[in-house]
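# Working through the structure, step by step
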Amino acid sequence: MKVWSKEAEEIRKILVTIKDQLPDLEKELELLVKTEDDNVALLYSRRCLEVIITDLCEKELKRPRKSDPLKGIIDRLNRVGSVPSHIITSMLNLNSLSTFGTHPKEYNPQMVRPALINLATIIEWYVKYRDSLPSEPAGQVDVDSVVKKPESQQPFPSGRKIRYSASKKKVLFILSGIVTVSIITVLALVLIGRMIRKRDAMDLVKSEKSIAVLPFKNYSGDPGQDYICYGLTDEIINHLFKISSFRKVSSLSSVLTYRETNKRIPEIAKDLKVYYILEGTYKESAEKIRVTAQLINARKDKHIWQNEYDGSLDEIIAIQADIALQIAEHLKLFLTNSETQNIQNIPTSNPEAYLTLQKAKSFIEFNKADQALELAMEAIKLDSTFADAFAYAGWRTLGKGAYAGGSEMQSVFGDALIFYKKALELNPNLAAAHTGLGLINEWVKWDYVLADKGYLKAIELEPNNVASANRYIEFLIKMNRIEDLRVYIEKLKDIGINQSLLVLAQINIISNDRQKAIENIESMLELGGITAQEWIGLCYVWLAEYDSAKVFFQSALRMRDARMQTPRFQASMALVYHETGDIQGANSIISRLTSSANETSAGSPAFFTGLYYSAINMADSAFYWFEKAYENRSPEFPWFKVHPLLRNLKSDERYRYLYERTGHKAFDENTLGSFETF
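Residues numbered from 1 in each chain as written. Predicted model: local features only at pLDDT ≥ 70, side-chain atom pairs only at ≥ 80, totals over all residues. Heavy atoms only, no water.

## A word on the overall build of the chain
Helix and strand counts for the chain stand at 31 helices and 6 strands. Buried positions account for 50% of the 678 residues belonging to the chain. Within the chain, residue pairs in contact and separated by at least 24 positions form 61% of the contacts whose partners lie at least 6 positions apart. For the chain, the exposed area adds up to about 34400 Å²; of that, 52% sits on carbon and sulfur atoms. (Helix = DSSP H or I, 4+ residues; strand = E, 2+ residues; numbered from the N terminus. Buried < 20%, exposed > 50% of the residue type's maximum accessible area, 1.4 Å probe, protein only. Contact = heavy atoms within 4.5 Å. Areas by Shrake-Rupley, 256 points an atom, 1.4 Å probe, with all protein chains shown as cover.)

Following this line, the structure appears as structure tokens:
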């Protein structure tokens, strides 16, 4: 028996009451009440909503819906105030839930119940709304025959002569005014036209300075050499990151989805919002390599540069640098001397060390960090002057102590610091090493002033690096520098880097703009872009929307997402259980988490246990675990200024004491902030 049978019966009763009144809606409702499939029920509930929204769009907004998304129309109806707020809420809820029918993916059959409840609420209101509308006239009505025109507007009687009493001067004055207005109008239109053309020209110039490097194709016939193609792609992108004249360089993660695709170049460029595409191939045979590269104007689907490089494997580093410089030359980009030198810099003269590091970087999977670190260490053994290998080893080492790592931060950050310092000693302009020092100063030393400097230096060296931009945005969120954050995001938009809806949701939650945060999440759901359900669940936890959080957490658990087993998400799941009435489930998780916190600091179980107790308003327990996290130098304390689950503790003197000891007060004083600002 389906879990939503009761709700379906209510819909069936409504269907009987509207028989032969709303044929379009009846058709969808009949299909809805007949189905036994959860997914199909969600689909037809959405189609019912579409029928209603389309009608309201025409009647209240006075225009056809066309292809506008449902949420956009609902927001407009809300702004004009033509639909009651509780119905707007039901519409938004149904729109969000029903996406699991339009974009089939993991979901809980229990979700059908609230979807149908919201649908019933909407239909009951909609029927009353339709009944309140004035009856439409049976035929064409002659308005002139019903509404008597004022005498001044009546047609003149046939044969009647019209006498004008205005003087010639008055007529000339009126005519001259008309001419003047006409001239001003023409001049204004000319000026506006020039402004539009100038703006369009500026937009075109900006868009022309955007590029994506598609994954190089392996023509060697040996899948074991795929990592070399991965490395070529990655290194060329990293070189292009260094060119500040570019408005946008697509990141490696965004282009990897096109490794195997049937899409044409113009389609890919449209997806990635870039003007140019670089594609290439790699082939190795008899200890010789051939690299081909071709630069394409994607808007015109026209090749503007191509080259073949033949040589030995030793030359591959110089080849990727030359490709980046050739791109800059053919696109007529301005390069500073330091940018040129950074691109031409040869990080290692040992091809075996280079290839070993590329193999390490190709292990991008969540559970292969140890293998990647081992290969980075091997690259260092092969070349002790290889700065890139030291920086990468530092990142993999430090990552082991972060929330998803399996090591205690105290045991790894010392090694990571040595790696990063050595990398900068070998290459002072290595952005990855400056980012690494920023992370150590933020996560471990809680020196946020130095962390800020490290992140900004990395951005200066690689202004188009999306990963560096995102790291700095997260830092600004933690430091509650909301105005700086908004300015920076606008600056990023100007160079073609847009923030994900998930990041914008987090920013709006921290800014106490609940409505915008919910809109960000619902827009993401409507687009069907759910690839990290655990993070969406976490946003709902921050919003205290625990039922919604539970849906996404349970979906992530069914998909066996490894992150759900980390302390961050275990504590959040316990809170969701507690707030939705499953006290036993909450206690079970917290029992495991506290046992873990007593044995290790890996993943910061003490900190997240403290968050749980803070959220359920058990301050003494919360501070007990926060003190333990402090002793373990938890890398999560940068969140201590703004985390939404700490709101119950901020009036407690113990909070102020920890706030001071974890570096926040010092940062406030350095940046002219204050404790009261957050």
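## Let's talk about empty space enclosed by the protein
In total, this model carries 3 cavities of 30 Å³ or more according to the counting rule given. Of the volumes computed, that of the largest cavity is approximately 100 Å³. Lining the largest cavity we find Leu538, Val541, Trp542, Arg568, Ala571, Ser572, Phe608, Leu611, Tyr612, His643 and Leu645. Of all the elements in the fold, those that place two or more residues in the lining of the largest cavity are helix H24 (533-542), helix H26 (567-579) and helix H28 (605-615). Taken together, the residues that form the lining of the largest cavity break down as 8 nonpolar, 2 polar and 1 charged. Here the second largest cavity defines a volume of roughly 80 Å³. Mapped by element, the contributors of at least two residues to the lining of the second largest cavity are helix H17 (409-426) and H28. Considering every element that reaches the lining of the second largest cavity, the biggest residue donor is H28, with 3 residues. (1 Å grid on protein atoms, 1.4 Å probe; cavity = no way out; pocket = protein on both sides within 12 Å on 5 of 7 lines; lining within 4 Å. Points joined across faces, edges and corners; volume = space filled by probe spheres on them. Nonpolar A, V, L, I, M, F, W, Y, C, P; charged D, E, K, R; others polar.)

## Re the packing of helix H19 (residues 448-461) against helix H20 (residues 466-478)
At a closest axis distance of 9 Å, the pairing of H19 and H20 adopts a crossing angle of 155°. Here H19 lies roughly antiparallel to H20, going by the angle between them. Of the two possible hands of crossing, H19 and H20 adopt the one that is left-handed. Here Tyr448, Ala451, Asp452, Tyr455, Leu456, Ala458 and Ile459 of H19 lie close against H20, whose contacting residues are Ser468, Arg471, Tyr472 and Phe475. Residues that form the contact of H19 with H20 fall into these classes: 8 nonpolar, 1 polar and 2 charged. (Axes fitted to C-alpha atoms, helices over the stretch in contact; angles between N-to-C directions. Parallel < 35°, antiparallel > 145°, perpendicular 65-115°, else oblique. Left-handed = near helix turned anticlockwise from the far one by under 90°.)

## Brief notes about helix H12 (residues 316-330)
With 15 residues, H12 should reach 21 Å at 1.5 Å per residue; the first-to-last C-alpha distance of 21 Å fits that figure. Burial within H12 is extensive, with 11 of its 15 residues counted as buried. Taken as a whole, H12 has its buried residues at Ile316, Ile317, Ile319, Gln320, Ala321, Ile323, Ala324, Leu325, Gln326, Ile327 and Ala328. Backbone geometry just downstream of H12 places Lys332 in the positive-phi region, at approximately 55°. (Expected span 1.5 Å × (residues − 1).)

## Some remarks on the environment of Gln554
Within the element layout of this structure, Gln554 appears in helix H25 (residues 546-558). If near-sequence neighbours (up to four positions away) are discounted, Gln554 is found in contact with Asn108 and Met573.

## Here we look at the environment of Thr292
By the element assignment, Thr292 lies in strand E5 (residues 288-297). Between the C-alpha atom of Thr292 and that of Gly280, which follows or precedes it by 12 residues, the distance is 5.2 Å. Aside from chain neighbours lying at most four places away, what touches Thr292 is Phe216, Glu279, Gly280, Thr281, Asn307 and Glu308. Within the local environment of Thr292, its side chain forms a polar contact with the side chain of Thr281, the two groups lying 2.4 Å apart. (Polar contact = N/O pair within 3.5 Å; in protein donor to acceptor, adjacent residues only side chain to side chain.)

## Side note on the pairing of strand E6 (residues 302-311)
Judged from the 9 bridges that link them, E5 and E6 form a sheet pairing that is antiparallel. Across the sheet, residue Gln294 finds its bridge partner in E6, namely Gln306. Between E5 and E6, which pair antiparallel and follow one another directly, the connecting turn spans 4 residues, one of which, Asp301, has a positive phi of 50°. (Pairing = 2+ DSSP bridges.)

## Some details on helix H14 (residues 351-361)
Given 3.6 residues to a turn, an α-helix orients residues that are three or four positions apart in the same direction. Counting buried residues along H14, 8 of its 11 residues qualify, which places the element largely inside the surrounding structure. Of the positions making up H14, those classed as buried are Ala353, Tyr354, Leu355, Thr356, Leu357, Gln358, Ala360 and Lys361. Among the structural elements, helix H9 (226-241), H12, helix H15 (369-382) and helix H16 (387-399) are those in contact with the buried residues of H14. Its side-chain oxygen at 2.9 Å from the backbone nitrogen of Glu352, Asn350 defines the N-terminal cap of H14.

## Overview of the environment of Met618
In this structure, Met618 sits in the loop between H28 and helix H29 (619-631). For Met618, a relative accessible area of 38% corresponds to the partly exposed category. Taking C-alpha positions, Met618 is 8.9 Å from Asn648, a pair spaced 30 residues apart along the chain.

## Section: the side chain of Asn95
When you line up the elements, Asn95 lands in helix H5 (residues 85-102). At 2.8 Å, the side chain of Asn95 forms a polar contact with the side chain of Arg46. Once you skip the residues sitting within four places of it in the chain, Asn95 turns out to touch Arg46, Leu49, Leu70, Lys71, Ile74 and Glu526.

## Brief notes about the layout of surface pockets
Put simply, the second largest pocket is a space of about 740 Å³. Forming the walls of the second largest pocket are 30 residues, and the residues nearest its centre are Asn93, Leu97, Tyr540, Glu545 and Ser548. Among the secondary structure elements, those contributing two or more residues to the lining of the second largest pocket are helix H4 (70-80), H5, helix H6 (112-132), helix H23 (514-526) and H25. It is H5 that provides the largest number of residues to the lining of the second largest pocket, a total of 8 residues. Residue composition of the lining of the second largest pocket, grouped by class: 12 nonpolar, 12 polar and 6 charged.

## Side note on the pattern of salt bridges
A full pass over the atoms with the stated rule returns 27 salt bridges. With a shortest N-O distance of 3.2 Å, Glu28 and Arg47 are connected by a salt bridge. Taken together, the residues span a long stretch of sequence, with Glu28 in helix H2 (residues 23-34) and Arg47 in helix H3 (residues 38-60) at a distance of 19 residues. Look at Glu28 and you get buried, because its relative accessible area is 8%. Glu235 is the partner of Lys361 in a salt bridge, and the nearest nitrogen-oxygen pair spans 3.4 Å. Residue Lys361 is found in helix H14, and its partner Glu235 is found in helix H9; the two are separated by 126 residues along the sequence. We classify Lys361 as buried; its relative accessible area is 14%. (Salt bridge = Lys/Arg side-chain N within 4 Å of Asp/Glu carboxyl O.)

## Regarding the packing of H9 against H12
The geometry of H9 relative to H12 is characterised by a closest axis approach of 9 Å and an angle of 45° between their N-to-C directions. Here H12 runs oblique to H9, going by the angle between their axes. Judged by the twist between their axes, the crossing of H9 over H12 is right-handed. For the pair formed by H9 and H12, the contact residues are Ile228, Leu232, Glu235, Ile236, His239 and Leu240 on the first element and Ile316, Gln320, Ala321, Ile323, Ala324 and Ile327 on the second. Class assignment of the residues belonging to the contact of H9 with H12 gives a composition of 9 nonpolar, 2 polar and 1 charged.

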